[in-house]
Amino acid sequence: MPIFSVQHTTVYRYSRPVRFGEHRLMFRPRDSFDQRLLDHALSVDPEPKEGRWIHDVFGNCVAVIDFENPAKELRFATDIRLDHTPQHAPDFRIDEAALHYPFSYDPDEAADLSQTMERQYEDDSDEVGKWARQFLSAAGHTGTGNLLMTLCYAVHESFVYSRRSEPGTQPPLMTLHLRRGTCRDFALFMMEAVRSLGFAARFVTGYVYVPSRDSATVLGGGSTHAWCQVYLPGAGWVEFDPTNGIVGNRDLIRVAVARHPRQAIPLSGSYSGSASSFLAMTVEVNVAKEIGA
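Residues numbered from 1 in each chain as written. Predicted model: local features only at pLDDT ≥ 70, side-chain atom pairs only at ≥ 80, totals over all residues. Heavy atoms only, no water.

Right, let's get into the pattern of salt bridges. In this structure the tally under the stated criterion is 14 salt bridges. For D123, the salt bridge goes to R119, with nearest N and O atoms at 2.8 Å. On the basis of relative accessible area, D123 is assigned to the buried category, the value being 12%. Since its relative accessible area comes to 28%, R119 is described here as partly exposed. D185 is the partner of R164 in a salt bridge, and the nearest nitrogen-oxygen pair spans 2.6 Å. Highlighted residues: R164 in the loop between strand 9 (160–161) and helix 4 (172–178) and D185 in helix 5 (residues 183–195), separated in sequence by 21 residues. (Salt bridge = Lys/Arg side-chain N within 4 Å of Asp/Glu carboxyl O. Buried < 20%, exposed > 50% of the residue type's maximum accessible area, 1.4 Å probe, protein only. Helix = DSSP H or I, 4+ residues; strand = E, 2+ residues; numbered from the N terminus.)

What follows is the structure, given as structure tokens:
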């Protein structure tokens, strides 16, 4: 079981002192059977007036920070250590009734999953749905696990990863037409694709461990990362990272889950001052595996 360390620093710079409104941070990983938080330290400069922790509607840990004094620079830095249990291959112990697609969720589960099954973006011609259905077997019954893995690998192999510093996420139709996007674009696209088939899916934000930052085979390092989960009866929420073609949690550090990407923004807040005062924002993320882990 490797031990990962994460250093995540975000800095906002301004040409003159500005006053800061409330900021909300999602940097603290979720404790679970496959990742156990060992240490977590958060430092903020300037010194905040108040800091508190809450759980949001999805059970994510959110730090809420309030400020009193103006400043020309705002810095958030977090240091994390966690014990991570990798799943190098998906453990698809799916209930027998759901081994082949199509299937129906149990009514009790469907009641709780319903919001994560609904598509969130307009698609009048069902282009995303048509893209997803091309991977169904002509025989009428498709292996559920194979279908989802194929969808994940199809995005990885036929779409081009491209960094984008602007906030927000592309609509899935734009991602389909461009065949290009960021990790969050690909996660949202896969979510809408599987939702078009009747699956429950949710957005995940966190970090990805890149064995070599010089490697071109793992994408999304150096900043926060995004992927998705799909709910499978008997197997539960299974990780799918279409950016890297990863199925299972290998090298993925889960921080927050949500129905929609806008509900899992790693850092959000406001400041009072002219728009021209803002100079730049820099984000640095380093994920390392401890020697001997």
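With that out of the way, let us pick up the sheet that holds strand 13 (residues 236–241). In a beta sheet, neighbouring strands are held together by backbone hydrogen bonds and run either parallel or antiparallel to one another. Strand order in the open sheet formed by 5 strands is 14-13-12-11-15, with antiparallel pairing between adjacent strands. Of all strands in the sheet, those bounded by a partner on one side alone are strand 14 (246–247) and strand 15 (252–258). By the bridge criterion, 6 bridges tie strand 11 (residues 201–208) to strand 12 (residues 225–232) in an arrangement that is antiparallel. Paired with V204 across the strands is W227, a residue of strand 12. The strands that helix 5 touches are strand 11, strand 12 and strand 13; relative to strand 12, the one it contacts most, it runs at about 20°. (Pairing = 2+ DSSP bridges. Contact = heavy atoms within 4.5 Å. Axes fitted to C-alpha atoms, helices over the stretch in contact; angles between N-to-C directions.)

The next thing to look at is the layout of surface pockets. Approximately 1,100 Å³ is the volume found for the largest pocket. If you go around the largest pocket, you meet 36 residues; those closest to its centre are S165, P167, R184, T224 and M281. Here the element with the most residues in the lining of the largest pocket is strand 18 (residues 278–289); it accounts for 4 residues. In terms of residue class, the lining of the largest pocket is built from 15 nonpolar, 16 polar and 5 charged. Here the second largest pocket defines a volume of roughly 380 Å³. What lines the second largest pocket is a set of 20 residues, among which F33, D34, W237, E239 and R254 lie closest to the centre. (1 Å grid on protein atoms, 1.4 Å probe; cavity = no way out; pocket = protein on both sides within 12 Å on 5 of 7 lines; lining within 4 Å. Points joined across faces, edges and corners; volume = space filled by probe spheres on them. Nonpolar A, V, L, I, M, F, W, Y, C, P; charged D, E, K, R; others polar.)

The next subject is the sheet that holds strand 2 (residues 23–25). With respect to topology, 4 strands assemble into an open sheet ordered 4-5-2-16, the strand pairing being antiparallel. Only two strands of the sheet have a single neighbouring strand rather than two, namely strand 4 (50–55) and strand 16 (267–268). Where strand 2 meets strand 16, 2 bridges bridge the pair, whose relative direction is antiparallel. Across the sheet, the residue bridging to R24 is S268, located in strand 16.

This paragraph deals with unusual backbone geometry. The omega torsion across D45 and P46 is 10°, close enough to zero to call that bond cis. Note the cis peptide between Y101 and P102, where omega equals 5°. Mapped onto the elements, P102 comes out in the loop between strand 7 (100–101) and helix 1 (107–117). In this model, R179 sits at a positive phi of 55°, which is unusual for a non-glycine residue. For R179, the location among the structural elements is in the loop between helix 4 and strand 10 (180–181). In this structure, D251 takes a positive phi of about 70° despite not being glycine. The topology assignment puts D251 in the loop between strand 14 and strand 15.

Interpretation in functional terms is not warranted from these geometric data alone.
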